[in-house]
Amino acid sequence: MSLKCGIVGLPNVGKSTLFNCLSNSKAQAANFPFCTIEPNVGVITVPDERLNALAEIDKPEKIIPTTVEIVDIAGLVKGASKGEGLGNKFLGNIRECDAIIEVLRCFDNGNIVHVDGSVDPIRDKEIIDLELQMKDLETIESRFAKTEKIAKVGGDKKAKDTLEVLKAYKSVLESGKNAREVVFDNKDQIAAAKELCLLTAKPIIYVCNVDEASCKNGNAYVDKVKEMAQKENADVLVIAAKTEEDIAELEDFEEKQMFLEELGLKESGVNRLIKAAYHILNLQTFLTTGPKETRAWTFHKGDKAPQCAGVIHSDFEKGFIRAEVIKYDDYIKYRSEAACREAGKISIEGKDYLVQDGDIMHFRFNV
């Protein structure tokens, strides 16, 4: 399962700088609007200290972490949904993303111009909201008449469900709110809503891009963003993107840790951001390990053993027989599968087993 996040924001708020430190790619970053004229895509590994601990025990030929794909698009401006600037061209690039990372400028710097002349993250957020809402309304209106006709004339059940979804979204968007505020209980309507891929229906993380001095405790701009996000029940992360980029360029792990400690941080903003993305999408990780490879696999919280088996290969799910499960802490304590078996720490689980984060899995199947 691949996780995909899209980065949005106004020009010159630090989007491409954040992308650079996330992916270690070198997206162009410059002090003028529309610097990013092609969408940048980077694949980054998900930090998981458990992989290294297991690898120390099993000495595998390779370690394979799970990954996140990051898409950075051109900076949006007022009117982007109607073709202003370059943003409209690239809004489609984040339509297939699982979550949105919205970068808000929360630092003062007279040498870096703001497209609207002053620093105001709440105003910037409202501009982005409006442009994404307008794009979503465009999507809805393009499907509304045809769906309504099919629902009324043909009595098509799917069309009726889709029409109800379109009406609910249209109402909330026209009132200046985001589609994520609409919650559906009917499973068919949930499926119809997912098919629309609306931008403002996606889970969102607000990233306050601050200067180095504010990376630990934030500042007045950050306080305003947190107050706003609390009303939306959204996550907020404080990251000094330029500083994070400098840290990412260090090759020595101990040097990176020393840099973070000097800033009063326990882990990098990059790690915190990826973990936050997993959290808002209800994603977790199960593990497989042995002499050939130690590997992390992503699954949705609440998935049962056969579904997780299918993450590895569809045949594993089709022919699922049972799962052998070792808890991570037990594996670390007993130091091998054989020792865990001898200590009675391997459980045999059937198709109704709810997989837990950090479970070490071995699937038995027959196709």
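Relevant structure appears above.
Residues numbered from 1 in each chain as written. Predicted model: local features only at pLDDT ≥ 70, side-chain atom pairs only at ≥ 80, totals over all residues. Heavy atoms only, no water.

On to the overall build of the protein chain. Scanning the protein chain for helices and strands turns up 14 helices and twelve strands. Against the compact-globule benchmark of 21 Å for 367 residues, the protein chain has a radius of gyration of 23 Å, which places it among compact chains. If one aligns the C-alpha atoms of the protein chain with their principal axes, the spans along those axes are about 65 × 65 × 35 Å. Counting across all 367 residues of the protein chain, residues that qualify as buried make up 50%. Within the protein chain, contacts between residues at least 6 apart in sequence are counted, and of these 69% link residues at least 24 apart. As displayed, the protein chain offers around 18,300 Å² of accessible surface, 48% of which is attributable to carbon and sulfur atoms. Side chains of the protein chain give 50 positive and 61 negative charges; the mean places of these two sets differ by 6 Å. (Helix = DSSP H or I, 4+ residues; strand = E, 2+ residues; numbered from the N terminus. Rg over C-alpha atoms; globule rule 2.2 N^0.38 Å. Buried < 20%, exposed > 50% of the residue type's maximum accessible area, 1.4 Å probe, protein only. Contact = heavy atoms within 4.5 Å. Areas by Shrake-Rupley, 256 points an atom, 1.4 Å probe, with all protein chains shown as cover. Lys, Arg positive; Asp, Glu negative; His and termini not counted. Charge placed at Lys NZ, Arg CZ, Asp CG, Glu CD.)

Before going further, it helps to spend a moment on unusual backbone geometry. In the Ramachandran plot, Cys197 falls in the positive-phi region, its phi being about 55° despite a non-glycine side chain. As for its placement among the helices and strands, Cys197 is situated in the loop between α6 (187-196) and β6 (204-209). For Asn233, which is not glycine, the phi dihedral falls at a positive 60°. Looking at where Asn233 falls in the secondary structure, it is placed in the loop between α7 (220-232) and β7 (235-239). The class of Asn233 is exposed, set by a relative accessible area of 72%.

So, on to the pattern of salt bridges. The tally for this structure, following the rule as stated, stands at 22 salt bridges. The salt bridge partner of Lys135 is Glu138, with a shortest N-O separation of 3.3 Å. Here Lys135 and its partner Glu138 are both found in helix α4 (residues 121-154), three residues apart, which amounts to about one turn of the helix. Residue classification places Glu138 among the partly exposed residues on the basis of a relative accessible area of 42%. When the shortest N-O distance is used, the salt bridge between Asp246 and Lys242 registers 3.1 Å. Remark: Lys242 and Asp246 occur in helix α8 (residues 241-249); sequence separation between them is four residues, near one turn of the helix. Overlapping salt bridges bring together Arg322, Glu324, Glu337, Arg341 and Arg364 as one network. (Salt bridge = Lys/Arg side-chain N within 4 Å of Asp/Glu carboxyl O.)

Along the chain, Asn209 falls in strand β6. Excluding its chain neighbours within four sequence positions, the residues that come into contact with Asn209 are Val13, Gly14, Val103, Leu104, Arg105, Cys106, Phe107, Ile239, Ala240 and Ala241.

Attention now goes to α8. Inspection of α8 places Ala241, Thr243, Glu244, Glu245, Ile247 and Ala248 among the buried residues, and these make up the whole buried set. Tucked inside the fold, the buried residues of α8 contact α1 (15-23), β6, β7, α9 (253-262) and α10 (269-280).

Let us look at helix α5 (residues 157-174). The first and last C-alpha atoms of α5 sit 26 Å apart over 18 residues, in line with the 26 Å expected at 1.5 Å per residue. The set of residues buried in α5 consists of Ala159, Asp161, Thr162, Leu163, Val165, Leu166, Tyr169, Val172 and Leu173. Check the buried side of α5 and you find it contacts α4 and α6. The opening residue of α5, the one whose side-chain oxygen lies 3.0 Å from the backbone nitrogen of Lys158, is Asp156. The positive-phi residue at the C-terminal boundary of α5 is Gly176, with phi of around 85°. (Expected span 1.5 Å × (residues − 1). Polar contact = N/O pair within 3.5 Å; in protein donor to acceptor, adjacent residues only side chain to side chain.)

Now for the packing of α4 against α7. Between α4 and α7, the shortest axis-to-axis distance is 9 Å and the interhelical angle comes to 40°. Classified by the interaxial angle, the pair formed by α4 and α7 is oblique. Contacts between α4 and α7 involve Pro121, Ile122 and Lys125 from the former and Tyr221, Lys224, Val225, Met228 and Glu232 from the latter. Taken together, the residues of the contact of α4 with α7 break down into five nonpolar, no polar and three charged. (Axes fitted to C-alpha atoms, helices over the stretch in contact; angles between N-to-C directions. Parallel < 35°, antiparallel > 145°, perpendicular 65-115°, else oblique. Nonpolar A, V, L, I, M, F, W, Y, C, P; charged D, E, K, R; others polar.)

Judged by pairing direction, the sheet is mixed, and its six strands sit side by side in the order β2-β4-β1-β5-β6-β7 without closing on themselves. Single-partner strands in this sheet number two, and they are β2 (40-45) and β7. On average, adjacent strands in this sheet sit at an angle of 25° to one another, irrespective of strand direction. By the bridge criterion, five bridges tie β6 to β7 in an arrangement that is parallel. Counterpart to Ile205 in the pairing with β7 is Asp235. Across the face of the sheet, α4 comes into contact with β1 (3-8), β5 (99-105) and β6 while running at roughly 145° to β5. Against the sheet, α7 contacts β5, β6 and β7, and its axis sits at roughly 175° relative to β6. (Pairing = 2+ DSSP bridges.)

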